[in-house]
Amino acid sequence: MVAKPAPASLIEYPVVESRQVGAYRLISFVAREIAASAIPGQFLMVRQAGPSLDPLLPRPLGIHDIDSDLVRILIEPVGKGTYELVRLRVGDRLSVLGPLGNGFDPRGGGTALLVGGGIGVAPLALLARSLTASGRDVHCLLGFRTRSQAVSAELFREYYVKVFTEDASVGTRGLVSEPLSACLADNAGKRDEHATEVFACGPDPMLREIARIAEESGARAQLSAAAHMACGIGACQGCVVRTTGGYRRVCSEGPVFEAGELIW
């Protein structure tokens, strides 16, 4: 789904919620313009507001959810930029550019199967909300390495959810991609609006396996790719991925691609 053009500069917003969700931090801010125009699968470029230029560049973060004018992001601390963000508390300010990129494009009326791995679950909550509002059945398969990460599954409690962990600390032991073939078994021969659609976000090995399974089952699948980004608007050419149509920028021509487009 192609989105409207985003603002050309970072805008500051005060944090109105900041709480720990297992290994991740959930931060919320009121941004009427973003809430009104964002579509599931889009992302924001975010940094801590203030005079410091260290770190210089904002970080790309998927829009986790939107509730009225409230925008939520889910952050995993993995480097200096994200460590600064998870330390923000209510009243602190964020600098935000977005919404950016192209989001998910649901087309059918059948079951929507949302597959998330680790922090890749972040952008799926807004998609689940949107699909449910349109009358679709939403099933979520969420995979994590540890119990601490799996705490974030609570953010999806209003939907049908199955949790998988590599260490068997929560839910079922294994990788989230393993039950996918069985979930798509009833798709055999279906090419109509009642077929199950797959929407996935997570690490590359997971997405590659989902693409393979979806192709074998004949299911339509859309994958949200991740890449290091400097600008977030397509200017620096630093986030390209290889596709059947040549190299494409994750920030402006993604982050969501049809599974068959990506070349692994």
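Engineer: Is there a simple way to think about unusual backbone geometry in this case?
Structural biologist: Negative phi values dominate among residues other than glycine, just as trans dominates among peptide bonds. For the bond running from Gly98 to Pro99, omega is 5 degrees, close enough to zero to count as cis. For Pro99, the position within the fold is in strand E6 (residues 93–100). Cis rather than trans, the peptide bond between Gly254 and Pro255 has omega equal to 5 degrees. Examined against the element boundaries, Pro255 turns out to sit in the loop between helix H7 (250–253) and strand E15 (256–258).

Engineer: Any chance you could explain the pairing of strand E5 (residues 70–75) here in plain terms?
Structural biologist: The side chains of a regular strand alternate between both faces of the sheet. With 6 of its 6 residues buried, E5 lies for the most part within the structure. Here E5 shows a buried face lined by Leu70, Arg72 and Leu74 and a second buried face lined by Val71, Ile73 and Ile75. Where strand E4 (residues 59–67) and E5 come together, 4 bridges link them in antiparallel fashion. Considered in E5, the bridge of Ile66 is made with Val71. From the end of E4 to the start of E5, which pair antiparallel, there are 2 residues, and Ser68 there has a positive phi angle of about 60 degrees.

Engineer: Looking at this model, I keep getting lost on the packing of aromatic side chains. Mind explaining?
Structural biologist: Centre distance and the angle of the planes are the two values used to describe a pair of aromatic rings. This model, assessed by the stated rule, comprises 2 aromatic pairs. Between Tyr13 and Phe29, the ring centres sit 5.3 Å apart and the planes meet at 35 degrees, which makes this aromatic pair tilted. Taken together, the residues span a long stretch of sequence, with Tyr13 in strand E1 (residues 11–21) and Phe29 in strand E2 (residues 24–30) at a distance of 16 residues. We classify Tyr13 as buried; its relative accessible area is 7%. Classification of Phe29 by relative accessible area gives buried; the value is 0%. Geometrically, the ring pair formed by Phe104 and Phe199 is edge-to-face, given 5.8 Å between the ring centres and 85 degrees between the ring planes. You can see Phe104 sitting in the loop between E6 and strand E7 (112–117) and its partner Phe199 sitting in strand E11 (residues 197–201), a full 95 residues away along the chain.

Engineer: Would you explain the nonpolar core in this entry?
Structural biologist: One broad trend across soluble globular proteins is that nonpolar side chains are buried collectively. Ranked by size, the top nonpolar core spans 31 residues in total, and within it Val115, Leu180, Ile210 and Leu223 carry the most contacts. Going through the elements one at a time, strand E3 (43–48), E6, E7, E11, helix H6 (204–217), strand E12 (220–224) and H7 are the ones with two or more residues in this core. The dominant element in this core, judged by the number of residues it contributes, is H6, at 6 residues. Judged by nonpolar contacts, the second largest core, of 27 residues, contains Leu74, Leu114, Leu124 and Phe156.

Engineer: Is there a simple way to think about H6 in this case?
Structural biologist: Owing to its 3.6 residues per turn, the α-helix brings residues three or four apart onto one side. Taking 1.5 Å per residue, 14 residues should reach 20 Å; H6 reaches 20 Å between its end C-alpha atoms and fits that length. Residues Met206, Leu207, Ile210, Ala211, Ile213 and Ala214 constitute the buried set of H6. Where the residues of H6 are buried, they touch E7, helix H5 (180–183), E11 and E12. With its phi angle positive at about 80 degrees, Gly218 sits one or two positions after the end of H6.

Engineer: What should I look at first to understand the sheet that holds E12 in this one?
Structural biologist: Working definition: the strands of a sheet are paired by backbone hydrogen bonds and lie parallel or antiparallel to each other. As summarised here, the arrangement of the 7 strands in space is E10-E9-E8-E7-E11-E12-E15, forming an open sheet in which the pairing is mixed. Each edge of the sheet is formed by a strand with only one pairing partner; in this case those strands are strand E10 (172–173) and E15. By the bridge criterion, 3 bridges tie E12 to E15 in an arrangement that is antiparallel. Each bridged residue has a counterpart across the sheet, and for Gln222 the counterpart in E15 is Glu258. Each of E7, strand E8 (138–144) and E11 is contacted by helix H3 (residues 124–133), which is oriented at about 170 degrees to E7, the strand it contacts most. Sitting on the sheet, H6 is in contact with E7, E11 and E12, with an inclination near 170 degrees to E11.

Engineer: Is there a simple way to explain H3 in this structure?
Structural biologist: Among all positions of H3, only Leu124, Ala125, Leu126, Leu127, Ala128 and Leu131 are buried. Buried residues along H3 sit against E4, E7, E8 and E11. Downstream of H3 by one or two residues, Gly135 has phi in the positive range, about 95 degrees.

Engineer: What's the story with a nonpolar patch on the surface in this structure? I'm lost.
Structural biologist: Together, Leu53, Leu56 and Leu57 make up a nonpolar patch on the protein surface, roughly 310 Å² of accessible area in all. Counting through the fold element by element, Leu53 comes out in the loop between E3 and E4.

Engineer: I would appreciate a short explanation of the side chain of Gln42 in the present structure.
Structural biologist: Of note, Gln42 is situated in the loop between helix H1 (32–37) and E3. Owing to a relative accessible area of 1%, Gln42 belongs among the buried residues under this scheme. Side-chain polar atoms of Gln42 contact the backbone nitrogen of Ile39, separated by 2.9 Å.

Reading the values: the criteria
- Residues numbered from 1 in each chain as written.
- Predicted model: local features only at pLDDT ≥ 70, side-chain atom pairs only at ≥ 80, totals over all residues.
- Heavy atoms only, no water.
- Helix = DSSP H or I, 4+ residues; strand = E, 2+ residues; numbered from the N terminus.
- Buried < 20%, exposed > 50% of the residue type's maximum accessible area, 1.4 Å probe, protein only.
- Pairing = 2+ DSSP bridges.
- Phe/Tyr/Trp six-rings, centres within 6.5 Å; stacked < 30°, edge-to-face > 60°.
- Core = buried A, V, L, I, M, F, W, Y, C linked by side-chain atoms within 4.5 Å.
- Expected span 1.5 Å × (residues − 1).
- Contact = heavy atoms within 4.5 Å.
- Axes fitted to C-alpha atoms, helices over the stretch in contact; angles between N-to-C directions.
- Patch = residues over 30% accessible without salt bridge, like charges linked within 9 Å, V, L, I, M, F, W, Y side chains within 5 Å.
- Areas by Shrake-Rupley, 256 points an atom, 1.4 Å probe, with all protein chains shown as cover.
- Salt bridge = Lys/Arg side-chain N within 4 Å of Asp/Glu carboxyl O.
- Polar contact = N/O pair within 3.5 Å; in protein donor to acceptor, adjacent residues only side chain to side chain.

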